[in-house]
Each structure stands twice: as structure tokens, then as C-alpha cells.
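Breakdown of the fold
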Amino acid sequence: MHQSTSVRRSDYRALEATDRLFLWIVYGAAGFFILLVVLLFLQLLHGSELSLKAFGLKFLWTSEWNPVASRFGALPLIFGTVASSLIAIVLAGIVGIFGATYLADFAPKRIDRILSFAIELLAAVPSVVYGLWGLFVLAPLMRDHIGPSLQRVLGFLPLFSGPIYGVGLLTAGMILALMILPTVTAISRDVIVAVPREQREGSMALGATRWETITRIVLPAARAGIFGALVLALGRALGETIATTMVIGNRPEIAASLFAPSYTLSSVIANEFTEATTDVYISALVELGLLLFVVSFVVNGLARIMMGTLFRRRG
């Protein structure tokens, strides 16, 4: 009896030691990830030192990007990054949420499986393929058909005025929307499916139509997860490089028209880093990377706060 008790105690101590080891491994992995983020930020900050000293905070709100004269301002690049990402998240959000609702609550199971597989397959397509498709297919369509049609209907608005080049801000936003659509649709569908069926049945038992049940019960219950999907998609849109570079026009200017060429932070870095010949030029490009890092960090932080607020309200 005494021997069996000792064995149980030794087994318990061994399990306890294993649990402590596993806990330290988990803490170590999390700490290593945090350390990597901090080191990345410090490295970008160190690489940006010359640009920070030369231009200071005015780097954020000046508009001239002139490598020949060593005058650099990031405002047009910030504008292009934010504007193209907002266009993408609006288009992908509308289509993705409606598509996820259809797949979760309206589509037959066979169609649901086929479309879900096809949508997830889009996420595996390389960025350069989207860029080539945008350059050779979407840009001509935008120049010859989509742009003129929009201008005939909405040309009185500054957003849809001016010459139509094919490549430009709207084209880049549409390509980004296509790229982030699988993320929005797949995650939103999973969240909508996870809403308990009892809520749907209870709403319809009280006399609500299927559409009223979806809009008033299901989507509000899934809004936190849908918002998380939109944030993940926005993070990809902010940092996308190759596809955006191929269709946005690469002109560091701010224009009211969505048809005008623009530039993004990541596109400038990809296009010009190998051509940078001076230390200040390289430092300015590194500062763009630092700025993109900070923007992504702030966007994800704000999204985390908003999601926490939504969960507390639901609770």
C-alpha cells in the first residue's frame, strides 16, 4: 500500500514537472516572438536614423519624392496605401459577407462544398499572377469599359473624373479586393455557421422571415468574427507589394480621382531599393518600412480593442 502511494506521488511529481516544462516552452516561444518584433522595430529604427535626422516628422506630411535632389516626403505614399486598402476592404467586405451568408445559410451542401473549395483555392494563387491578370486583363477593361461607364454615371463626382489610364488607384483596389476576398469569405462563413441553429429556429418560430433572421439575428451574433476577418484581410491589403506595384501606376502624387495613378509604401520599397545610391535615399526607404510596420501595428491594435469592446457588449 505504501509502495503504491509512493508510485502515485512520483508519477504526480513527474507530470507536474512535465507541465512546468511545457509551460516554460510556451512562455519561451511567446517571448521569442515578442523579441523578434522588438528587434525588427529597432533595426528599422536604426536604418531610418539618417532620414529621421534629415527630415524629421515633416517626412510624414510633405509630398515631394525626388531622389535626384534627395528630398523625400511620404504623404503620397501613405495616401496610396490607405486609399487602395480602403477600396479593397469595402469591395471585398460587401461581396465576401454576402457570399459567406449565401454559403452558410442558402446554398445546397454540394454547391457549398464546391464554392468553398474554389474560394479557398484563390488564396493559394501567387501575388504575381494576380498582378499579371490585373495588368493584361483588368487594366484594359478599366480603360475601355468599366472606367467610362462609371464616369458616365458618376462623373460629376471628383472621385470619378479625369483621364482614365487603366492602371491606377481603383484598379489596384480591385486587385487587392480579389486577393483578400478568400480571407473574408472563408472566415466569415465559418463564423456564421458557428451561430447556434436554435437562434435561427427560434427567430423563425416567432414569425421572422429567413432574411430577417439572417440580418437581425445571425449576422449580429457573428459580427465580432466577421470584423476579425476584415481586419486580417486589411492587414494583407496594407502590405501587398507585387500585385499592387504592377497595376497602381507608380506615381507619387495625390489626386482626387480614383482613376489616377498612385503609389504605395511597399511598392516604392520594391521598386527603388536596388536603385538607391545614397545613404539618405536608403534610409528614407527603410523609414517607409518602419512607417508600414507602425501602421500595421496600429491597425491591428485598434482592431483588437474594437473586438474586445464588441465581445464585452455581447457578454
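Up top you'll find the structure we're talking about.
Heads up: these notes are all about the structure in this document.

**Some words on the overall build of the protein**
Scanning the protein for helices and strands turns up twelve helices and two strands. Going residue by residue from the N terminus, the α and β elements of the protein occur as α-α-β-β-α-α-α-α-α-α-α-α-α-α. Scaling as 2.2 N^0.38, a compact globule of 315 residues should have a C-alpha radius of gyration of about 20 Å, whereas the protein reaches 25 Å, well beyond that. For the protein, the spread of C-alpha atoms along the principal axes amounts to about 90 × 55 × 35 Å. With 315 residues in all, the protein has 35% of them scored as buried. Summarising the internal contacts of the protein: among those between residues at least 6 apart in sequence, 72% fall at separations of at least 24. Summed over its atoms, the accessible surface of the protein is roughly 17,900 Å², and 70% of this surface lies on carbon and sulfur atoms. When the 24 basic and 19 acidic side-chain charges of the protein are each reduced to a single mean position, those positions are 9 Å apart.

**Regarding the pattern of salt bridges**
Considering all chains together, one arrives at seven salt bridges under this definition. When the shortest N-O distance is used, the salt bridge between Arg 200 and Asp 105 registers 2.7 Å. Pair noted here: Arg 200 is in helix α7 (residues 197-205) and Asp 105 is in helix α3 (residues 75-106), with a separation of 95 residues, a long-range link. Just as Arg 200 is buried, Asp 105 falls in that class too. The closest approach of N and O atoms between Asp 190 and Arg 189, which form a salt bridge, is 3.2 Å. By relative accessible area, which is 47% here, Asp 190 ends up partly exposed.

**Regarding the packing of helix α4 (residues 109-122) against helix α6 (residues 169-194)**
In contact at an axis separation of 8 Å, α4 and α6 are set at 140 degrees when each is read in the N-to-C sense. For the element pair α4 / α6, the angle class is oblique. The handedness of the crossing between α4 and α6 comes out as left-handed. In this structure, α4 uses Asp 112, Ser 116, Ile 119, Glu 120 and Leu 122 to contact α6, whose residues at the interface are Pro 182, Thr 185, Ala 186 and Arg 189.

**Let's talk about the nonpolar core**
Formed by 28 residues in total, the largest nonpolar core has its most connected members in Leu 169, Leu 170, Ile 175, Met 179, Ile 180, Leu 258 and Phe 259. Those elements that provide at least two residues to this core are α3, α5 (127-154), α6, α9 (223-239) and α10 (242-247). Here the element with the most residues in this core is α6; it accounts for nine residues. The residues contacting Leu 258, other than those within four sequence positions of it, are Ile 87, Leu 159, Phe 160, Gly 168, Leu 169 and Leu 170. Core analysis: the second largest hydrophobic core is formed by 16 residues, Phe 55, Trp 65, Phe 72 and Tyr 281 among them.

**Quick notes on α9**
For α9, which comprises 17 residues, the first-to-last C-alpha distance of 25 Å matches the rise-based estimate of 24 Å (1.5 Å per residue) to within 8%. Regarding α9, the residues found buried are Ala 224, Ile 226, Gly 228, Ala 229, Val 231, Ala 233, Leu 234, Ala 237 and Leu 238.

**Some words on the packing of aromatic side chains**
This model, assessed by the stated rule, comprises six aromatic pairs. A centroid spacing of 6.3 Å and a plane angle of 35 degrees characterise the contact between Phe 55 and Phe 59, whose relative ring orientation is tilted. A single burial state applies to Phe 55 and to Phe 59, both of which are buried. Aromatic pair Phe 160 and Phe 259: ring centres 6.1 Å apart, planes at 65 degrees, arrangement edge-to-face. Here Phe 259 lies in the loop between α10 and α11 (265-272) and Phe 160 lies in the loop between α5 and α6, a separation of 99 residues in the sequence. Taken together through their ring pairs, the aromatic side chains of Phe 55, Phe 59, Trp 65, Phe 72 and Tyr 281 make up a single cluster. Here Arg 251 stacks its cationic end above the ring of Tyr 165, 5.7 Å away from the centre of that ring.

**Digging into a positive patch on the surface**
Taken together, Lys 109, Arg 110, Arg 113, Arg 197 and Arg 210 make up a surface patch of like positive charges. With three residues, α4 is the largest single contributor of residues to the positive patch. In this structure, Lys 109 sits in helix α4. Of the residues examined, Lys 109 reaches a relative accessible area of 68% and is grouped as exposed.

**Things to note about the environment of Asn 66**
Positionally, Asn 66 belongs in strand β1 (residues 65-66). Taking the C-alpha atoms as reference, Asn 66 lies 12 Å from Val 280; in sequence the two are 214 residues apart. With residues near it in sequence (within four places) discarded, Asn 66 still touches Arg 71 and Phe 72. A distance of 3.2 Å separates the side chain of Asn 66 from the backbone nitrogen of Val 68, its partner in a polar contact.

**As for the environment of Met 142**
Along the chain, Met 142 falls in helix α5. It is 29 Å that separates the C-alpha atoms of Met 142 and Ser 188, two residues lying 46 residues apart in sequence. Not counting the four nearest positions on each side in its chain, Met 142 is found in contact with Gly 147, Pro 148, Ile 164, Gly 166, Leu 170, Thr 171, Met 174 and Phe 259.

What counts, and at which threshold
Residues numbered from 1 in each chain as written. Predicted model: local features only at pLDDT ≥ 70, side-chain atom pairs only at ≥ 80, totals over all residues. Heavy atoms only, no water. Helix = DSSP H or I, 4+ residues; strand = E, 2+ residues; numbered from the N terminus. Rg over C-alpha atoms; globule rule 2.2 N^0.38 Å. Buried < 20%, exposed > 50% of the residue type's maximum accessible area, 1.4 Å probe, protein only. Contact = heavy atoms within 4.5 Å. Areas by Shrake-Rupley, 256 points an atom, 1.4 Å probe, with all protein chains shown as cover. Lys, Arg positive; Asp, Glu negative; His and termini not counted. Charge placed at Lys NZ, Arg CZ, Asp CG, Glu CD. Salt bridge = Lys/Arg side-chain N within 4 Å of Asp/Glu carboxyl O. Axes fitted to C-alpha atoms, helices over the stretch in contact; angles between N-to-C directions. Parallel < 35°, antiparallel > 145°, perpendicular 65-115°, else oblique. Left-handed = near helix turned anticlockwise from the far one by under 90°. Core = buried A, V, L, I, M, F, W, Y, C linked by side-chain atoms within 4.5 Å. Expected span 1.5 Å × (residues − 1). Phe/Tyr/Trp six-rings, centres within 6.5 Å; stacked < 30°, edge-to-face > 60°. Lys NZ or Arg CZ within 6 Å of the ring centre and 35° of its normal. Patch = residues over 30% accessible without salt bridge, like charges linked within 9 Å, V, L, I, M, F, W, Y side chains within 5 Å. Polar contact = N/O pair within 3.5 Å; in protein donor to acceptor, adjacent residues only side chain to side chain.

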